[in-house]
Amino acid sequence: MCFFPVSLRKFEYKAFGLGAKSRMTVPANRRSVFYQQDKLNSLRFILLSDACYSSSCKLFFSNDPVKIVKAKGQYMYDENGRQYLDCINNVAHVGHCHPDIVKAAHEQNQLLNTNSRYLHDNLVDYAKRLSKTLPEKLCIFYFLNSGSEANDLALRLARQYTEHEDVIVLDHSANCFLSAYHGHLTSLIDISPYKFRNLGGQKEWVHVAPIPDTYRGLYREDHENSVTAYADEVKNVIEHARERGRKIAAFFAESLPSVGGQIIPPAGYFQKVAEHVHKAGGVFIADEIQVGFGRVGKHFWAFQLQGEDFIPDIVTMGKPIGNGHPLACVATTKEIAEAFAATGVEYFNTFGGNPVSCAIGLTVLDVIEKEHLQAHATEGLWLIHWSGLNQGPSKKNSSHSRSRGFSYKT
């Protein structure tokens with residue numbers, strides 16, 4: 001991840017996320033004053049933050065934090081007007097403060113914003129628009145406020161439908177930092193090796209399979225059949241769980257593991273895993289919260305990289321869905337939704353699917369289409385060529401880079 005400062009000031013300033021320094025220009029007679037003011041303002045802010053903000057809430061670039069006060073398009077601006085090219089943000093999907101999104105939110109706010117207990121065109125229109133991007137069987141939608149809420153609901157849906165409890169997630173045995181992460185709620189910390197390793201440990205109903213990394217994983221590119229080998233690892237996890245009297249409710253994975261290291265699962269892996277999971281009475285949950293909405297370029301959803309013959313049972317969405325507005329969604333089948341409703345206990349989310357959120361969600365889809373952003377992501381490989389990251393191993397740089405569209409890791 002990189003955060004490139006692009007304004008011109010002539011003093012040495014380290015480019016965030018990079019090892020090399022960038023040279024910027026400031027008039028000599030203002031340089032020291034400007035720099036001191038910059039530091040004092042930041043220091044004051046840090047002191048105030050420390051007094052009222054939990055230390056567990058981490059800042060980017062903690063050694064030299066940045067106070068961002070404005071953003072537009074692909075750029076962010078600090079308190080002194082310094083401009084940065086935003087290469088980190090995974091939320092502002094169509095650009096910061098996109099005028100169409102700002103306008104849609106403002107206009108709907110002037111009319112109505114309330115909970116989803118009332119009829120409203122925006123909710124129905126948005127569900128219809130989303131359904132056009134998904135396989136036909138994924139036709140029932142629940143709207144929420146965050147990716148964590150979406151993944152928690154997906155877990156509830158799976159358990160109610162299967163009447164089982166256990167969950168299979170992915171982990172990278174070779175690197176403790178490349179592990180599954182699905183959200184900050186208690187239920188999701190429990191299924192996120194990235195988090196539970198440092199907390200209460202692995203619950204008995206959580207089972208971990210190796211992430212299908214063909215570069216550094218158990219079965220690599222030179223393996224005769226890495227797809228089957230990795231899928232068989234999931235099969236073995238299921239069999240071991242069964243021997244202990246456990247029953248699988250879901251296989252829960254990001255379609256393109258991002259926190260797990262931007263791993264690209266080999267084509268056909270999800271199909272074979274789904275076969276094993278369905279045979280065990282479970283469902284397949286595709287977490288598209290970070291990688292959906294055209295980010296992979298060739299397809300609108302990352303799970304579609306596996307091929308047209310693969311369809312998850314549940315898909316979760318968040319982050320880019322609202323371009324920074326709190327919005328999330330779960331899409332599933334009629335059968336799973338009906339099993340969830342059969343309990344007689346209603347599902348209600350106060351702000352999920354409110355008119356403003358849906359107006360914003362609709363506009364995000366409009367902008368993606370109008371500005372051909374999915375096509376731009378498909379052409380995003382020029383960044384790799386421009387940066388030189390495709391030039392092979394070096395002692396100073398990573399030996400491996402991988403990407404699909406603008407989902408990029410090195």
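Residues numbered from 1 in each chain as written. Predicted model: local features only at pLDDT ≥ 70, side-chain atom pairs only at ≥ 80, totals over all residues. Heavy atoms only, no water.

**Quick notes on the packing of helix H4 (residues 147-162) against helix H9 (residues 334-341)**
Just so we agree on the cut-off: Lines fitted to C-alpha atoms define the axes here, with helix axes fitted over just the stretch in contact, and angles between the N-to-C directions of these axes take values from 0 to 180 degrees. Each helix is a run of H or I in the DSSP string that is no shorter than four residues. Each strand is a run of E no shorter than two, and both are numbered from the N terminus. Comment on the angle field: the value is read as roughly parallel under 35 degrees, roughly antiparallel over 145, roughly perpendicular from 65 to 115, and oblique elsewhere. Note on definitions: a residue-residue contact is assigned when non-hydrogen atoms from the two residues lie within 4.5 Å. Three residue categories are used. Nonpolar comprises Ala, Val, Leu, Ile, Met, Phe, Trp, Tyr, Cys and Pro, charged comprises Asp, Glu, Lys and Arg, and polar comprises the others, including Gly.
Viewed as axis vectors pointing N to C, H4 and H9 meet at an angle of 85 degrees, and their least axial separation amounts to 8 Å. With respect to H9, the element H4 is oriented roughly perpendicular. Only Glu335, Ile336, Ala339 and Phe340 of H9 make contact with H4, whose side of the interface consists of Leu153, Arg156, Leu157, Gln160 and Tyr161. Among the residues making up the contact of H4 with H9, the classes are represented as 6 nonpolar, 1 polar and 2 charged.

**So, the packing of helix H7 (residues 226-243) against helix H8 (residues 269-279)**
Note the following rule: Each helix crossing is assigned a hand: it is left-handed if the near helix lies turned anticlockwise from the far helix by less than a right angle, otherwise right-handed if that turn is clockwise.
The interhelical angle for the contact between H7 and H8, taken along N-to-C directions, is 20 degrees, at an axis separation of 9 Å. When the interaxial angle is binned, H7 and H8 end up roughly parallel. Read as a crossing pair, H7 and H8 show a hand that is right-handed. Residues Val227, Thr228, Tyr230, Ala231, Asp232, Val234, Lys235 and Ile238 of H7 pack against Tyr269, Lys272, Val273, His276 and Val277 of H8. By residue class, the composition of the contact of H7 with H8 is 8 nonpolar, 2 polar and 3 charged.

**Here's the deal with the sheet that holds strand E9 (residues 206-210)**
Hydrogen bonding along the main chain pairs the strands of a sheet, whether they run parallel or antiparallel. Spelled out, the test is: DSSP bridges decide pairing: two strands pair if at least two such bridges lie between them.
The 7 strands are arranged E7-E13-E12-E11-E10-E8-E9 in an open sheet whose pairing can be described as mixed. One side of each edge strand has no neighbouring strand; the edge strands of this open sheet are strand E7 (140-144) and E9. Geometrically, the sheet is characterised by an average inter-axis angle of 20 degrees between neighbouring strands, direction not taken into account. Note that strand E10 (residues 248-254) and strand E11 (residues 283-287) share 5 bridges and pair parallel. If you follow Ala250 over to E11, its bridge partner there is Val283. Helix-sheet contacts for helix H3 (residues 121-131) involve E7, strand E12 (314-317) and strand E13 (328-332), and the interaxial angle to E7 is about 120 degrees. Of the strands in this sheet, E7, strand E8 (166-171), E10, E11, E12 and E13 are in contact with H4, which crosses E12 at around 165 degrees.

**Some points on the pattern of salt bridges**
Definition in use: Criterion for a salt bridge: a side-chain nitrogen of Lys or Arg within 4 Å of a carboxyl oxygen of Asp or Glu. Only protein chains enter the area calculation, which uses a 1.4 Å probe; residues under 20% of their type maximum are buried, those over 50% are exposed, and those in between are partly exposed.
Scanning the entire structure with this criterion turns up 9 salt bridges. Close ionic contact of Arg246 with Glu165 constitutes a salt bridge, the shortest N to O distance being 3.1 Å. Highlighted residues: Arg246 in the loop between H7 and E10 and Glu165 in the loop between H4 and E8, separated in sequence by 81 residues. By relative accessible area, Glu165 is classed as partly exposed at 37%. Where Glu204 meets Arg246, a salt bridge forms, and the shortest distance between an N and an O atom there is 3.6 Å. Taken as a pair, Glu204 in the loop between helix H6 (193-196) and E9 and Arg246 in the loop between H7 and E10 lie far apart in primary sequence, 42 residues in all. Exposure remark for Glu204: the relative accessible area of 54% places this residue in the exposed category. Among the residues examined, Arg246 registers a relative accessible area of 17% and is labelled buried.

**Quick notes on the state of the cysteines**
Our working definition: Disulfide assignment relies on a single distance test, namely cysteine sulfur atoms paired within 2.5 Å.
Taken as a whole and judged by the stated rule, the model has 0 disulfides. The structure places no disulfide on Cys329, whose sulfur is separated from the nearest cysteine sulfur, that of Cys358, by 9.0 Å. Given a relative accessible area of 0%, Cys329 falls into the buried group.

**Considering H7**
Side chains that are three or four residues apart share a direction in an α-helix, a result of its 3.6 residues per turn. Rule in force here: Multiply 1.5 Å by the residue count of a helix minus one, and that product is the helix's expected span.
Here H7 contains 18 residues, and its C-alpha end-to-end distance of 26 Å stays within 8% of the 26 Å for a straight helix at 1.5 Å per residue. Inspection of H7 places Ser226, Val227, Ala229, Tyr230, Ala231, Glu233, Val234, Val237, Ile238 and Ala241 among the buried residues, and these make up the whole buried set. For H7, the secondary structure elements touched by its buried residues are E8, E9, E10 and H8. Of the residues flanking the end of H7, it is Gly245, one or two places downstream, whose phi is positive at about 80 degrees.

**Remarks on the packing of aromatic side chains**
In plain terms, the rule: Put simply, two rings from Phe, Tyr or Trp (the six-membered ring, in Trp's case) pair if the centres are within 6.5 Å, and we call them stacked under 30 degrees between planes, edge-to-face over 60, tilted for the rest. Either the NZ atom of lysine or the CZ atom of arginine qualifies as a charge over a ring when it sits within 6 Å of the ring centre and within 35 degrees of the ring normal.
Going through the model one piece at a time under the given rule, you end up with 14 aromatic pairs. Here a set of aromatic residues connected by ring pairs shows up, and it is made of Phe251, Tyr269, Phe270, Phe284, Phe303 and Phe310. Above the face of the Tyr77 ring, Lys70 is positioned so that its terminal group lies 5.0 Å from the ring centre. The side chain of Arg159 reaches across the aromatic face of Trp205, ending 4.4 Å from its centre.

**Describing unusual backbone geometry**
Phi is positive for Cys97, which is not a glycine, with a value near 50 degrees. Looking at the secondary structure, you find Cys97 in the loop between strand E6 (83-87) and helix H2 (99-111). Look at Cys97 and you get partly exposed, because its relative accessible area is 42%. In this model, Lys319 sits at a positive phi of 40 degrees, which is unusual for a non-glycine residue.

**Overview of the confidence of the model for the protein chain**
Using the following cut-off: Scored between 0 and 100, pLDDT is the confidence that the predictor attaches to each residue.
With 78% of its residues at a pLDDT of at least 70, the protein chain reaches an overall mean of 83. Below a pLDDT of 50 lies the segment residues 1-36, which in the model reaches 77 contacts outside its immediate sequence neighbourhood of four places, other chains included. Confidence drops under a pLDDT of 50 for residues 392-401, and excluding neighbours within four residues, the segment shows 13 contacts in the predicted structure.

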